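# Structural features, examined
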Amino acid sequence: MLVQNTVHGVLERLGLESVNSGACGTGWIESPSGGELVSYNPSNRDALARVRMASEADYEAVVSAASETFQRWRLLPAPKRGEIVRQIGEALRMHKADLGALVSMEMGKILPEGLGEVQEMIDIADYAVGLSRQLYGLSMHSERPEHRMYEQWHPLGIAGVISAFNFPVAVWSWNALIAAVCGDCVVWKPSSETPLTAIAVQNICNHVLSRNGWEGVFTLVIGRGSVAGEKMLHDKRIPLVSATGSCRMGYRVAEVVGRRLGRTILELGGNNGVIVAGDADLDLALRAIVFGAVGTAGQRCTTIRRLFLHKPIAPKMIERLKSAYSQIRIGDPLDAHVLMGPLINQAAVDDMMAGLERARAEGGEVLCGGGKPAIQGGFFVEPALVKATPSMPIVKEEIFAPILYVMEFDTIEEAIAAHNDVPQGLSSAMFTNNLRHAETFLSVTGSDCGIVNINGGTSGAEIGGAFGGEKETGGGREAGSDSWKAYMRRQTVTINFSHDLPLAQGIEFHLD
Ligand code: UN1
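Residues numbered from 1 in each chain as written. Predicted model: local features only at pLDDT ≥ 70, side-chain atom pairs only at ≥ 80, totals over all residues. Heavy atoms only, no water.

### Section: the overall build of the protein chain
Counting secondary structure elements, the protein chain contains 14 helices and 22 strands. Against the 2.2 N^0.38 benchmark of 24 Å for 512 residues, the protein chain shows a C-alpha radius of gyration of 24 Å, consistent with a compact globule. Residue burial in the protein chain is summarised as follows: out of 512 residues, 55% are buried. Within the protein chain, contacts between residues at least 6 apart in sequence are counted, and of these 73% link residues at least 24 apart. With an accessible surface of roughly 20,900 Å², the protein chain has 52% of that area assigned to carbon and sulfur atoms. With 46 positive and 57 negative side-chain charges, the protein chain shows a spacing of 2 Å between the two charge centroids. (Helix = DSSP H or I, 4+ residues; strand = E, 2+ residues; numbered from the N terminus. Rg over C-alpha atoms; globule rule 2.2 N^0.38 Å. Buried < 20%, exposed > 50% of the residue type's maximum accessible area, 1.4 Å probe, protein only. Contact = heavy atoms within 4.5 Å. Areas by Shrake-Rupley, 256 points an atom, 1.4 Å probe, with all protein chains shown as cover. Lys, Arg positive; Asp, Glu negative; His and termini not counted. Charge placed at Lys NZ, Arg CZ, Asp CG, Glu CD.)

Structure representation (structure tokens):
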């Protein structure tokens, strides 16, 4: 791995200098033969590292290792699996500063967000440890005398995790650490934009696992979607594929995995809206909107993309937003004064510019931003505020960039209808101090999203709740609540402790 001096210290402390590859089953594969992948820093386009990708043969070695390990891992009592995940949480705490910095360098989010992402991993590790002593089934009353019924949960097998560049490590952890306490082994295919953070996390896990006499519980395959990703989708040894990314990718995953009756957890596009009622606390709303729309340079699936303002407050709010946007410092994500880093690559910049062109063509007005700041090197853009109407076709699309469409409404009902009138259904929010407005938004005729917030933005969900959304967002749920059930197989058990054989539904069946 070739490493630049600027990131030398971080990589050294993360133990990456001795790592030489991008595929790991039971230890790093010395020379994976899937070709070279260069990881670039989107702030300056410098090459951070050159990674060797997995070939089909390397993929095979990794999945075989995971399958073999699963046979034994599933037998380890869940709380013991939890103990190993606890140690991974500890190791993440130890490496938080370096891993957070590496996330910022490779993905481009500002350092507090890079650190926040690692914190999200630590939080889910803690959650998974507690969960490892639960994984509870229900018991039911049998209709037959002296019968007992209950359900129990068994490990499922290998969970395939396909993660996106924008949360290069946290989304893996939501899946992997829960799957691991459930008794599954995990094969991870990270985004090709962020192989280095994946290698760092894999390395941290390897150390903890080997200290405990384990290997192959967490495995890694870095490779093109068309090789590693496709193989995973078709692979019957992988009963569950959890994928985060675009709707286009999700349709492919659902189709291929569905054809073999495998399970999927899909966390796809969002097009998250915020409704600001006339009675809302506007200071609160302003802060939440700016963080939600500009944070992570608009590259969260939970980013605020659509803002609905009650007409009487709209002019004032728009002025305040313009003023806030003009104060956003754009630049090096490791600089403490910077609030917005670069986009991930040139294609993302082009998508944003093309989106703004289309918005103009459809009658939208760019109120501020939307240009390219005069910063050398990286994929920097200015966040844009666009005056729009709900009927503009572009408002119904997710563009993974900091474009916020501002729309006005007269009644709450009208705002909710416009809010729901998009194909995606991830996160949503309303700012109001009116109980009726809030409860209407939370009711069955309110938000149609998987996540809904009152007086808070759409992004920044906590790990304790189930994370995911409806419609084209894919319907999957990850992280907290009972999301763990997707990583296990349910078994309904009936025990007859009588001396007779009564049949359910009152059926009589006598031999003579
Ligand atoms: C994502 O963008 O894919 O709620 C995940 C949030 C974060 C996770 C975002 N906790 O914004």
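On we go.
### Thoughts on the packing of helix α3 (residues 78-94) against helix α6 (residues 170-181)
For the pair α3 and α6, the least separation of the axes is 8 Å and the interaxial angle reads 150°. The segment α3 lies against α6, with Ala78, Arg81, Gly82, Val85 and Ile88 engaging Leu177, Ala180 and Val181. When the residues that make up the contact of α3 with α6 are grouped by side-chain class, the tally is six nonpolar, one polar and one charged. (Axes fitted to C-alpha atoms, helices over the stretch in contact; angles between N-to-C directions. Nonpolar A, V, L, I, M, F, W, Y, C, P; charged D, E, K, R; others polar.)

### Comments concerning the side chain of Thr296
Note that Thr296 resides in the loop between α10 (282-294) and β12 (304-310). Overall, Thr296 belongs to the buried group, its relative accessible area being 3%. Apart from the residues lying within four places of it in its own chain, the contact partners of Thr296 are Met107, Lys109 and Glu113.

### With respect to the site of the ligand
Close contacts around the ligand come from Glu120, Asn166, Phe167, Trp174, Glu267, Arg300, Cys301, Thr302, Ser459, Gly460, Ala461 and Phe467, and that covers them all. At 2.9 Å, a side-chain N or O of Glu120 approaches a nitrogen atom of the ligand. Gly460 is positioned with one of its backbone polar atoms (N or O) 2.8 Å from an oxygen atom of the ligand. Relative to its free-state accessible area of 320 Å², the ligand is covered by the protein chains to the extent of 99%. (Near = heavy atom within 4 Å. Polar contact = N/O pair within 3.5 Å; in protein donor to acceptor, adjacent residues only side chain to side chain.)

### With respect to the sheet that holds strand β5 (residues 147-155)
Strand order in the open sheet formed by three strands is β4-β5-β22, and the pairing between neighbours is antiparallel. Two strands in the sheet have a free side with no partner beyond their single neighbour: β4 (139-140) and β22 (488-496). Where β4 lies against β5, two bridges are found, and the strand directions are antiparallel. Along β5, the bridge assignment pairs Met140 with Met149. (Pairing = 2+ DSSP bridges.)

### Quick notes on α10
End to end, α10 covers 18 Å across 13 residues, agreeing with the expected 18 Å (1.5 Å per residue, within 8%). Buried residues along α10 sit in contact with β11 (272-276), β12, α11 (314-326), β15 (403-409) and β17 (427-431). Measuring from the backbone nitrogen of Asp283 back to the side-chain oxygen at the start of α10 gives 3.1 Å, which picks out Asp281 as the cap. The positive-phi residue at the C-terminal boundary of α10 is Thr296, with phi of around 55°. (Expected span 1.5 Å × (residues − 1).)

### Structural notes on the domain arrangement of the protein chain
Taken domain by domain, the protein chain holds domain 1 (5-268 + 474-491) and domain 2 (272-466). The straight-line distance from the C-alpha centre of domain 1 to that of domain 2 is 30 Å. Contact with domain 1, which involves 31 residues of that partner, is made by 30 residues of domain 2. When the two sides are added together, the surface that domain 1 and domain 2 hide from each other amounts to roughly 2,400 Å², 62% of it contributed by carbon and sulfur. Viewed at the interface, domain 2 and domain 1 are joined by one salt bridge. The residue Arg300 makes a salt bridge to Glu113 at a minimum N-O spacing of 2.9 Å. At the surface where domain 1 touches domain 2, the tally comes to 11 residue pairs in polar contact (both at pLDDT 80 or more). Among the elements of the structure, α4 (96-107), α5 (111-131) and β21 (478-479) are those that each provide at least two residues to the side of domain 1 that touches domain 2. Per-element accounting of the side of domain 1 that touches domain 2 gives the leading share, six residues, to α5. (Domains from an automatic or database assignment. Buried area = accessible area lost by both parts, 1.4 Å probe. Salt bridge = Lys/Arg side-chain N within 4 Å of Asp/Glu carboxyl O.)

### Side note on helix α13 (residues 412-420)
Residues Ile412, Ala415, Ile416, Ala418, His419 and Asn420 constitute the buried set of α13. Along its buried surface, α13 packs onto β11, β12, β15, β17, α14 (435-442) and β20 (470-471).

### Description of the state of the cysteines
By definition, a disulfide links the sulfur atoms of two cysteine residues through a covalent bond. On inspection of all chains with the given rule, the structure shows zero disulfides. A disulfide-free cysteine, Cys24 has its sulfur positioned 9.5 Å from the sulfur of Cys205, the nearest such atom. Look at Cys24 and you get buried, because its relative accessible area is 0%. With no disulfide partner, Cys182 has as its closest neighbouring cysteine sulfur the one in Cys185, 12 Å distant. (Disulfide = S-S within 2.5 Å.)

### Points about the pattern of salt bridges
Per the counting criterion, the structure on display carries 25 salt bridges. Measuring nitrogen to oxygen at the nearest pair gives 2.8 Å for the salt bridge that ties Glu83 to Arg86. Linking Glu83 with Arg86, this pair stays in helix α3, spanning three residues, or about one helical turn. Residue class for Glu83 comes out partly exposed when judged on its relative accessible area of 31%. Here Arg86 falls in the partly exposed class, since its relative accessible area comes to 37%. A salt bridge links Glu397 to Arg358; the nearest nitrogen and oxygen atoms lie 2.8 Å apart. Highlighted residues: Glu397 in the loop between β14 (384-387) and β15 and Arg358 in helix α12 (residues 346-361), separated in sequence by 39 residues. Under the relative-accessibility criterion, Arg358 is labelled partly exposed at 34%. Connected through salt bridges with shared partners, the residues Glu60, Asp235 and Arg237 form a single ionic network.

### As for the environment of Ala293
Among the structural elements, Ala293 can be located in helix α10. The spacing of Ala293 and Leu385 is 92 residues in sequence and 9.5 Å in space, taken between C-alpha atoms. Residues in contact with Ala293, not counting those within four places in the same chain, are Gly298, Thr303, Ile304, Tyr325, Pro402 and Leu404.

### Remarks on the packing of aromatic side chains
Per the counting criterion, the structure on display carries seven aromatic pairs. With a centroid separation of 5.2 Å and an interplanar angle of 70°, the aromatic rings of Trp153 and Trp484 are classed as edge-to-face. Placement of the pair is Trp153 in strand β5 and Trp484 in the loop between β21 and β22, with a sequence separation of 331 residues. Trp484 shares its class with Trp153; the two are buried. Between the aromatic rings of Trp174 and Phe467, the centroid separation amounts to 4.7 Å while the plane-to-plane angle is 55°, which identifies the pairing as tilted. Residue Trp174 is found in helix α6, and its partner Phe467 is found in strand β19 (residues 466-467); the two are separated by 293 residues along the sequence. Side by side, Trp174 and Phe467 carry an identical accessibility label, which is buried. Among the aromatic residues, those joined into a ring-pair cluster are Tyr136, Trp153 and Trp484. (Phe/Tyr/Trp six-rings, centres within 6.5 Å; stacked < 30°, edge-to-face > 60°.)

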